[in-house]
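This is what each chain is made of:
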Amino acid sequence: MEQDYDPQGIEVKWQSLWNESRIFEPEPDEREKYFITIPYPYLNGNLHAGHTRTFTIGDVLARHRRMLGYNVLYPMGFHVTGTPIVGLAELIANRDPQTMDVYSRLHGIPENILHTLDTPEKIVDYFKVEAEIAMRSIGYSIDWRRKFTTTDPTYKKFIEWKFNLLHEKGLIVKGAHPVKWCPHDKNPVEDHDILHGEEATIVDFTLVKFEHDGMILPCATLRPETIFGVTNLWVNPDIEHVKLRVSKDGKEEFWVVSKEAYNKLTYTDRDVELIGNVPSESLIGIKARNPLTGKEVITLPASFVKGGNGSGIVMSVPAHAPYDYLALRDLYDKDLTEYGVKENLRDIGFISLIEVKDFGEYPAFDAVTQLGVTDQKDPKAEEATKLVYRREFHGGVLKENTGKYAGIAVSKIKDVLTRDLLEQGIGEVFYEFSEPVVCRCGTPCVVNMVKGQWFLNYSSPQWKDKVYSCLEKMEIIPEEIRVEFNNKVDWLKDKACARKKGLGTKLPFDKEWLIESLGDSTIYMSYYITNKFFSQGISPEQLTPKLFDYVLLGKGTLQETAIDTGLNEQLIARMKADLDYWYPVDLRSSGKDLVPNHLLFFLFHHVAIFEEDKWPRALAVNGFVSLEGQKMSKSKGPILTMTEAVTTYGADITRMYILSSAEQTQDADWRNAGVESAKKQVERFYKLATEIIVSGARSGSEGELKLIDRWMLSRLQQFVRETNNNMTSIRTRGALQSAFFLLYNDVKWYQKRGGIAVLYDVLDTWVRLMAPFTPHICEEIWSAMGHQEGDFISLAPYPIFCPRFVDHDAELAEELVCNTLSDIEEIIKVTKITPQKVVLYTSPGWKTKAFKLAIDMLREGELNPGKLIKALMAEPENRAYGKEIPKYVQKLVPDITSMKTERFEMLHEFNLDEKNILQENCDCLANELGCPIEVYSADSPEFDPENKSKFAAPLRPAIYLEQ
């Protein structure tokens with residue numbers, strides 16, 4: 001063992017030994033199995049800090065379970081289907097400046113290599129090697145025999161089988177549905193294809209047809225009920241407008257919309273023909289008829305109207321929309337004669353149509369007044385809008401002037417009214433994004449009503465019911481995210497599952513289409529198990545549907561499958577035995593961004609294909625990682641690659657920092673100052689371990705132990721218990737807090753107090769406790785402690801809580817010493833006294849009796865001040881303290897009842913000789929304080945010039961400082 005910590009040297013050494021010994025290549029045996037998976041990375045760039053967090057959590061859990069005695073499988077593959085890699089290849093081939101800069105400077109790809117990555121296949125070949133190198137360098141305990149890419153011919157056979165099966169079950173349908181669409185690629189896009197707007201949803205607006213001189217001025221709204229309150233329309237004179245011939249279902253109309261809206265309409269299920277441009281000024285000052293009320297309303301200029309929002313023409317409801325109220329108010333004193341507007345706009349009467357609590361007749365006016373909004377450019381205008389809409393939606397009811405809709409809650413009116421508008425031909429549904437969406441190729445996306453598109457029928461109630469059932473039986477970590485999963489299932493609609501461009505597998509029953517990337521990445525966990533066999537020379541042609549039916553689903557017979565595939569029966573039987581042993585997935589751990597897509601579809605496809613005994617057992621979700629406060633992006637930067645982090649700091653330091661920086665779904669922020677601190681902590685750990693080993697320390701836990709030794713062993717058991725509990729709930733930050741930071745402090749205190757006897761025992765447990773987190777340094781220390789070559793700590797038993805070493809009295813005794821020292825130091829700090837002597841007074845007997853009795857009474861569930869006082873006064877020797885007992889009890893009872901369970905359990909057998917303990921530690925206290933220490937019992941103090949002894953209580957001695 002080297003004197004100085006050399007992370008790179010240690011890590012390369014142990015990674016090589018792990019690889020040679022193949023200790024992470026499990027085979028089925030008699031042990032309980034544990035199959036953990038994480039999302040395989042998408043290979044359009046090098047792995048970054050976000051991957052580092054998710055993958056390291058997975059590895060720590062795998063290592064922890066392996067050391068607990070489970071047979072653990074932790075596999076890895078690579079996702080390459082879809083359009084992003086194709087788009088990246090095009091950008092590199094075209095020498096796009098931003099792409100070349102980001103991938104050479106931030107991804108660390110040498111320019112002479114980057115220039116060659118001009119096809120999707122070359123990109124896949126390059127990044128799959130780099131990704132494996134990065135994951136090996138950080139020490140992941142992955143079974144690399146099972147790796148694959150999603151364009152491997154054998155994997156394509158697997159996907160063809162799966163999609164044929166889903167099609168046979170009626171879960172893949174053909175039809176016309178709105179999808180996110182890239183006009184450049186002419187493909188539907190899913191989350192992994194999107195550069196901006198990953199969180200965007202497709203929202204169904206109601207398009208209301210206002211009419212002027214034979215032309216339709218359509219207005220898109222999410223609140224069709226507000227049609228009853230329209231006082232005017234808004235038109236932006238500075239954007240382009242066009243006239244269209246629009247046909248649908250045999251009905252022809254002439255529409256006027258913004259030029260951007262025309263582009264969007266061409267992707268709907270309408271036939272749209274451009275007739276010509278319309279001067280925007282000519283659209284202002286005209287009168288348009290409200291199709292529902294028949295009332296004519298004026299069109300007015302508004303610069304806030306964006307051509308890309310809706311139709312580019314907006315209806316105004318100033319009684320209920322703060323922006324409309326403010327915009328109208330801002331026009332009151334403007335000269336609009338250039339638009340032919342001569343009316344006094346102050347004469348426009350507001351129309352109140354919703355009754356809502358906490359607001360008067362005009363909620364928009366009330367909200368603007370309450371929040372002090374100055375004009376439509378005031379940021380508080382948005383707050384006012386949200387306030388009105390929220391209160392109206394949750395508590396609003398339509399008024400009498402809405403006719404037959406009066407009395408209907410706002411939250412229930414949209415579908416009812418939209419249906420009526422459609423039936424009358426005065427409204428249509430118009431799909432729009434909730435926020436702008438940009439494809440990875442750089443093209444703004446649109447909502448396209450695709451005809452003849454293949455969809456996964458996720459809206460099927462029967463399919464959703466099975467997913468709900470699966471979720472109900474699963475463990476979700478953290479538990480509070482279960483609600484989000486159920487909500488996402490509830491809201492999920494049909495999803496396009498095929499496209500015309502990109503990498504991937506052809507749809508087996510319609511070869512014109514390629515299966516999209518979120519459709520071919522749902523049950524690949526089962527492929528890890530079979531690919532161990534496929535990668536040994538089995539040809540794609542031998543992977544027939546009968547093989548997958550038999551191995552994965554147990555359908556057919558071994559003999560039939562052998563004949564169909566040409567494979568020998570023994571090999572097929574081994575495949576099936578492996579599948580039956582390892583499946584289902586015991587834990588799927590992932591970043592929270594995959595909840596609405598990968599993780600959701602993972603559940604849907606498992607319940608559709610497998611019987612219940614093969615359904616996943618647990619899901620865990622973790623948060624994102626930013627870089628010095630900035631969101632990371634593979635394609636734009638900033639980015640910290642896994643390789644760069646490991647090269648700069650070492651694998652164990654990188655692992656320790658990323659695992660301790662945040663908990664569960666909290667987002668982490670990679671800060672260089674933080675990782676430097678982690679580096680120092682790991683170096684201290686190595687140095688301390690080296691000192692213990694060099695000292696020749698040996699096990700002493702079974703010998704004669706001092707109080708401080710018993711304290712150290714007892715504290716160690718608490719940390720063992722807390723670490724295991726935190727690992728069970730996947731709280732890596734809490735686990736490291738117990739396994740490293742708090743334990744390190746206690747070991748240093750133990751040494752400071754002169755502890756030696758159990759240092760070797762502590763290190764033996766400590767290094768195993770830390771092995772899942774920092775495996776390389778732990779292997780090095782474990783080896784230096786005398787363990788034989790090949791006796792890896794990665795396979796050693798993980799520490800388990802052992803109550804035999806728990807010693808509450810020892811812990812309380814040391815707590816008494818520590819707290820007493822801390823109290824004395826605080827008094828010195830406040831009073832600025834330099835004491836010549838410190839006198840301590842331990843609790844009088846009657847207070848100790850009261851303390852113990854209170855704990856006993858609470859244990860029996862009957863602690864209250866009156867009963868406690870009565871019980872104490874029943875003893876003759878306590879009656880002398882009749883005035884003091886009630887005062888002490890009033891303070892004691894709340895202290896006892898507010899105790900945490902762990903503290904109460906520690907104190908319920910409280911039996912310390914505090915005076916003796918403090919006297920034994922007088923030298924320790926004197927060394928720390930630089931003056932002599934005297935200890936007396938408050939029952940009979942020999943020296944008490946200021947009557948301090950009356951303040952003494954159990955575990956809190958009174959203190960007197962002599963100057």
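Colleague: I keep staring at the overall build of the chain and nothing clicks. Help me out?
Modeller: Helix and strand counts for the chain come out as 33 helices and 31 strands. Taking the principal axes of its C-alpha atoms as reference, the chain extends roughly 110 × 80 × 55 Å. The buried share among the 963 residues of the chain stands at 57%. Within the chain, contacts between residues at least 6 apart in sequence are counted, and of these 77% link residues at least 24 apart. When the accessible surface of the chain is split by element, carbon and sulfur atoms take 49% of a total near 40,800 Å². Between the centroid of the 114 positive side chains of the chain and the centroid of its 141 negative side chains there is a distance of 2 Å.

Colleague: In this structure, what is going on with the layout of surface pockets? I would like to understand it.
Modeller: Which parts of space are left empty comes out when a probe the size of a water molecule is rolled across the atoms. Reported here for the second largest pocket is a volume of approximately 1,900 Å³. Residue lining of the second largest pocket: 48 residues in total, with Phe205, Ala220, Thr221, Leu222 and Asn309 positioned closest to the centre. The residue inventory of the lining of the second largest pocket, partitioned by class, reads 23 nonpolar, 11 polar and 14 charged.

Colleague: Please explain helix α23 (residues 707–728) as it appears in this structure.
Modeller: Residues spaced three or four apart along an α-helix face the same direction, because each turn holds 3.6 residues. Between the first and last C-alpha of α23 there are 32 Å, a value that for 22 residues agrees with the 32 Å anticipated at 1.5 Å per step. One or two steps after α23, the chain reaches Ile730, where phi turns positive at roughly 55 degrees.

Colleague: How should the sheet that holds strand β2 (residues 71–73) be read in this particular structure?
Modeller: Strand pairing in a sheet takes place through backbone hydrogen bonds and is either antiparallel or parallel in direction. With respect to topology, five strands assemble into an open sheet ordered β2-β1-β24-β25-β20, the strand pairing being parallel. Each end of this open sheet is capped by a strand with a single partner; those strands are β2 and β20 (475–477). Each neighbouring strand pair of the sheet contributes to a mean axis angle of 15 degrees, computed without reference to strand direction. Where strand β1 (residues 33–37) lies against β2, three bridges are found, and the strand directions are parallel. Each residue of the ladder has a partner; that of Phe35, found in β2, is Leu73.

Colleague: Any chance you could explain the packing of helix α17 (residues 558–565) against helix α18 (residues 569–582) here in plain terms?
Modeller: Two numbers describe a pair of packed helices, the interaxial angle and the distance between the axes. In the contact formed by α17 and α18, the axes pass within 9 Å of each other and the chain directions differ by 115 degrees. Our pair here, α17 against α18, has a crossing hand that is right-handed. Across from Leu558, Gln559, Thr561, Ala562 and Thr565 in α17, the residues of α18 making contact are Glu569, Ile572 and Ala573. For the contact of α17 with α18, the class distribution of residues is four nonpolar, three polar and one charged.

Colleague: Help me understand the sheet that holds strand β26 (residues 625–627), please; the structure alone is not making it clear to me.
Modeller: Spatial strand order, β27-β26-β28: three strands in an open sheet with mixed pairing. Two strands bound the open sheet, and with one partner strand each, they are β27 (630–631) and β28 (668–670). Pairing geometry for β26 and β27, over two bridges, is antiparallel. Bridging across to β27, Leu627 finds its partner in Gln630.

Colleague: Mind showing me how you'd approach the packing of aromatic side chains here?
Modeller: Given two aromatic rings, one states the distance between the centres and the angle between the planes to describe the pair. Evaluation of the coordinates by the stated rule reveals 48 aromatic pairs. Seen from their ring centres, Phe35 and Tyr583 are 6.1 Å apart, and the 55 degrees between their planes marks the pair as tilted. With Phe35 in strand β1 and Tyr583 in the loop between α18 and β24 (587–591), this residue pair connects regions lying 548 residues apart in the sequence. The interplanar angle of 85 degrees and the centroid separation of 5.9 Å between the aromatic rings of Tyr325 and Phe365 together place this pair among those described as edge-to-face. Of this pair, Tyr325 sits in helix α9 (residues 322–331) while Phe365 sits in helix α10 (residues 363–371), placing them 40 residues apart in sequence. Given the relative accessible area of 8%, Tyr325 is considered buried. Since its relative accessible area comes to 39%, Phe365 is described here as partly exposed. Each residue in the set Tyr40, Phe148, Tyr155, Phe158, Trp161, Tyr524, Tyr527, Tyr528, Phe534 and Phe548 is aromatic and connected to the rest through ring pairs, giving one cluster. Over the aromatic face of Trp513 sits the side chain of Lys500, whose NZ or CZ is 4.4 Å from the ring centroid.

Conventions we followed
Every chain is numbered on its own, with residues counted from 1 as its sequence reads. Thresholds applied to this predicted model are a pLDDT of at least 70 for local features of residues and 80 or more for the giving and counting of side-chain atom pairs; totals over whole chains, interfaces and linings are not thresholded and use all residues. The basis for every side-chain value is the complete set of heavy atoms in the structure, and neither hydrogens nor water enter the calculation. For helices the rule is a DSSP run of H or I covering at least 4 residues; for strands it is a run of E covering at least 2, with both sets numbered from the N terminus onward. Relative accessible area decides the class of each residue, using a 1.4 Å probe on protein chains only: under 20% of the type maximum gives buried, over 50% gives exposed, and in between gives partly exposed. Any pair of residues with heavy atoms lying within 4.5 Å of one another is described as a contacting pair. Note on areas: these come from Shrake-Rupley sampling with a 1.4 Å probe, and a residue is covered only by the protein chains present in the view. Neither His nor the chain ends is counted toward charge; the positive residues are Lys and Arg and the negative residues Asp and Glu. Note that the charge is assigned to NZ on lysines, CZ on arginines, CG on aspartates and CD on glutamates. A cavity, in this analysis, means grid points on a 1 Å lattice covering only the protein atoms where a 1.4 Å probe fits yet has no way out; a pocket is instead an open set bounded by protein on both sides within 12 Å along at least five of seven lines, and a residue lines either one if it has an atom within 4 Å of a point. Grid points are joined across faces, edges and corners, and a volume is the space filled by probe spheres set on the points. Polarity classes work like this: nonpolar for Ala, Val, Leu, Ile, Met, Phe, Trp, Tyr, Cys and Pro, charged for Asp, Glu, Lys and Arg, and polar for all others, with Gly in that last group. Helix span, as expected, comes to 1.5 Å for every residue beyond the first. Whether two strands pair comes down to DSSP finding at least two bridges between them. As a rule, the C-alpha atoms of each element are fitted with a line to give its axis, helices using only the stretch in contact, and angles between N-to-C directions run from 0 to 180 degrees. Two helices crossing with the near one rotated counterclockwise from the far one by less than a right angle form a left-handed crossing, whereas a clockwise rotation gives a right-handed crossing. Stacked, edge-to-face and tilted labels apply to pairs of Phe, Tyr and Trp rings (six-membered ring for Trp) whose centres lie within 6.5 Å, assigned for plane angles under 30 degrees, over 60, and everything in between, in that order. For a lysine, the NZ atom is tested; for an arginine, the CZ atom; a charge sits over a ring if that atom is within 6 Å of the ring centre and within 35 degrees of the ring normal.

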